[in-house]
Amino acid sequence: MSRVAVKRRILRIRDSAPTRRVDSLAAEEPLEIRLDGTPLTVTMRTPGDDFDLAAGFLVSEGAVASAGDIATIRYCAGALADGRNTYNVLDVRLAPGVEAPAPRNFYTTSSCGVCGKASLEAVRTVARWSAHDDPVELGQATVAALPGRLREAQRVFDRTGGLHAAGLFTAAGEALCVREDVGRHNAVDKLLGWALRQGLLPLRSTVLMVSGRASFELVQKAVMGGIPVLAAVSAPSSLAAELAEEEGLTLIGFLRGDSMNVYAGERRLDITPGAGNGSAGARTPG
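Residues numbered from 1 in each chain as written. Predicted model: local features only at pLDDT ≥ 70, side-chain atom pairs only at ≥ 80, totals over all residues. Heavy atoms only, no water.

Draft legend 1. Just the overall build of the chain, in detail. Within the chain one finds seven helices and 15 strands. Every one of the 286 residues in the chain was classed for burial, and the buried ones make up 50%. Of all intrachain contacts in the chain linking residues separated by at least 6 positions in sequence, the fraction that spans at least 24 positions is 57%. Put simply, the chain shows about 13,000 Å² of open surface, and 50% of that area lies on carbon and sulfur atoms. (Helix = DSSP H or I, 4+ residues; strand = E, 2+ residues; numbered from the N terminus. Buried < 20%, exposed > 50% of the residue type's maximum accessible area, 1.4 Å probe, protein only. Contact = heavy atoms within 4.5 Å. Areas by Shrake-Rupley, 256 points an atom, 1.4 Å probe, with all protein chains shown as cover.)

Draft legend 2. The arrangement of the environment of Ala195 in detail. Topologically, Ala195 is positioned in helix H5 (residues 184-197). On the basis of relative accessible area, Ala195 is assigned to the buried category, the value being 0%. Considering only alpha carbons, one finds Ala195 and Val59, 136 residues apart in sequence, at a separation of 10.0 Å. Other than its neighbours up to four places away in sequence, Ala195 contacts Leu200, Leu201 and Leu203.

Draft legend 3. Quick look at the sheet that holds strand S11 (residues 206-210). The strand order S10-S9-S11-S12-S13-S14 describes an open sheet built from six strands, whose pairing is mixed. The open sheet is flanked by strand S10 (175-181) and strand S14 (259-264), the only strands paired with a single partner. With direction set aside, neighbouring strand axes in the sheet form an average angle of 20°. Sheet topology places S11 next to strand S12 (residues 229-232); four bridges connect them, and they run parallel. (Pairing = 2+ DSSP bridges. Axes fitted to C-alpha atoms, helices over the stretch in contact; angles between N-to-C directions.)

Draft legend 4. Just the packing of helix H6 (residues 216-224) against helix H7 (residues 238-247), in detail. The geometry of H6 relative to H7 is characterised by a closest axis approach of 8 Å and an angle of 20° between their N-to-C directions. By the criterion of interaxial angle, the relationship of H6 to H7 is roughly parallel. Here H6 and H7 pass one another in a crossing that is right-handed. Between H6 and H7, the contacting residues are Phe216, Val219, Gln220 and Val223 on the first element and Leu239, Ala240, Leu243, Ala244 and Glu247 on the second. For the contact of H6 with H7, the class distribution of residues is seven nonpolar, one polar and one charged. (Parallel < 35°, antiparallel > 145°, perpendicular 65-115°, else oblique. Left-handed = near helix turned anticlockwise from the far one by under 90°. Nonpolar A, V, L, I, M, F, W, Y, C, P; charged D, E, K, R; others polar.)

Draft legend 5. Looking closely at empty space enclosed by the protein. A full pass over the atoms with the stated rule returns two cavities of 30 Å³ or more. Put simply, the second largest cavity is a space of about 30 Å³. In terms of lining residues, the second largest cavity is bounded by Trp129, Ser130, Ala131, Ala222, Val223, Gly226, Ile227, Glu247 and Leu249. For the lining of the second largest cavity, a count of residues per class yields six nonpolar, two polar and one charged. (1 Å grid on protein atoms, 1.4 Å probe; cavity = no way out; pocket = protein on both sides within 12 Å on 5 of 7 lines; lining within 4 Å. Points joined across faces, edges and corners; volume = space filled by probe spheres on them.)

Draft legend 6. The arrangement of the packing of aromatic side chains in detail. The full count for this structure, using the stated rule, is two aromatic pairs. On the numbers, 5.3 Å between centres and 45° between planes, the contact of Phe51 with Tyr75 is tilted. Of the two residues, Phe51 sits in helix H1 (residues 50-60) while Tyr75 sits in strand S5 (residues 70-75), which places them 24 residues apart along the sequence. When its relative accessible area of 23% is taken as the criterion, Phe51 is described as partly exposed. Between Tyr75 and Tyr87, the ring centres sit 5.1 Å apart and the planes meet at 75°, which makes this aromatic pair edge-to-face. With Tyr75 in strand S5 and Tyr87 in the loop between S5 and strand S6 (89-94), this residue pair connects regions lying twelve residues apart in the sequence. (Phe/Tyr/Trp six-rings, centres within 6.5 Å; stacked < 30°, edge-to-face > 60°.)

Draft legend 7. Here's a closer look at the environment of Val89. Looking at where Val89 falls in the secondary structure, it is placed in strand S6. Residue Val89 is classed as buried on the basis of its relative accessible area, which comes to 9%.

Draft legend 8. Focus on the environment of Ala27. Within the secondary structure, Ala27 sits in the loop between strand S2 (17-26) and strand S3 (29-35). According to the relative accessible area criterion, Ala27 is buried, its value standing at 3%. Taking the C-alpha atoms as reference points, Ala27 and Arg3, separated by 24 residues in sequence, lie 6.6 Å from one another. In contact with Ala27, other than residues within four places in its own chain, are Arg3, Val4, Ala5, Val6, Arg45, Thr46, Pro47 and Val182.

Draft legend 9. Molecular detail of the nonpolar core. With 48 residues, the main nonpolar core has Leu58, Ile70, Val92, Leu208, Val219, Leu230 and Leu251 as its most contacted residues. Ranked by the residues each element gives to this core, the list is headed by H5, at seven residues. If near-sequence neighbours (up to four positions away) are discounted, Val92 is found in contact with Ile33, Arg34, Leu35, Asp36, Ala54, Leu58, Ile70, Thr72 and Ile73. Residues Ala165, Ala231, Met260 and Leu269 belong to the second largest nonpolar core, which totals 19 residues. (Core = buried A, V, L, I, M, F, W, Y, C linked by side-chain atoms within 4.5 Å.)

Draft legend 10. Inspection of H6 at higher detail. H6 sits mainly inside the fold: nine of its nine residues count as buried. By the burial criterion, the buried members of H6 are Phe216, Glu217, Leu218, Val219, Gln220, Lys221, Ala222, Val223 and Met224.

Take a look at the structure:
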C-alpha cells in the first residue's frame, strides 16, 4: 500500500498564458500510532513505509533499541464506522518487558514533531549509544557529493516537488537507505525504523543526509540512532548545534557544491586536498 502522490487538476499560468492540466501533489494523510490498542500519537505523513515510521518513532522516543523489542506492527482494520480500513491507523505491540513511552497528548504536524513537548528537558531523551567514541572520518569530497546522491534517489520528489528526503550513507558515500516524506522528521524516523527492523542499530560510522535544515529534533534522532554525522543542505538551529556538541555529533550545514559549514565535531572531516573516500577503517552499522 502506497499513496505517495495524488493527481489534481490545476490552472497553470506561464508568461501570462493560462492552461489547464493535471498536476501531481505529494500525499499527506494522518497516521495514528497506537500501543497495545491505546493511542500514542498522530502525525501527518506521506503514506508508505508506515511500519518503519512507527518503529523509528519509538527509537526516537527511546522506547526500543532492537527489532526484538517490537512483537508486531499491523494496520487496524475497521478504523471507520462502516468497517473499512483507512490504512491510517497502526497498532504496535511491544515485546514483554519493554516499557511503553508516555502518550503524546497533542497533534504532530508534518513540519515539526516536537512543538508539543512541554520543555527542553523532556526532549533530551537519554540516548542508548554515544557518538563521542565513533572514530569515523570523512573526506571532504565524499561529503560534498552527498546532496547529489540524495537528490538522485528522490523518486517521488521528481513527480511532486513537495517532499523532504533523508538518506543514510556509509563513510565512503554509499547509500544504505533513502526515505521521502512531507515531514522531515518523518523521513528520518522511516530511516531509523528501517535500520531497527534490519538489525543495524546503532548506526555507527554512518552519515545522515537531510534535504532541508538541521533542527534540534533531527540532531536528537541522529543521536538516538547512534549516528555520528548529520549533514544538511540548509542551516542548523542554535539548539541543534549545542546538542550536537554535547553529544559528540558532527554537524554540517549549508552543504552545497564544494561549500559547507561545520558547526560541531570537525575532527571527523578530513580537509586534506584530494581526501574523499572515507576512512579506510570505516565499519558497517551494528
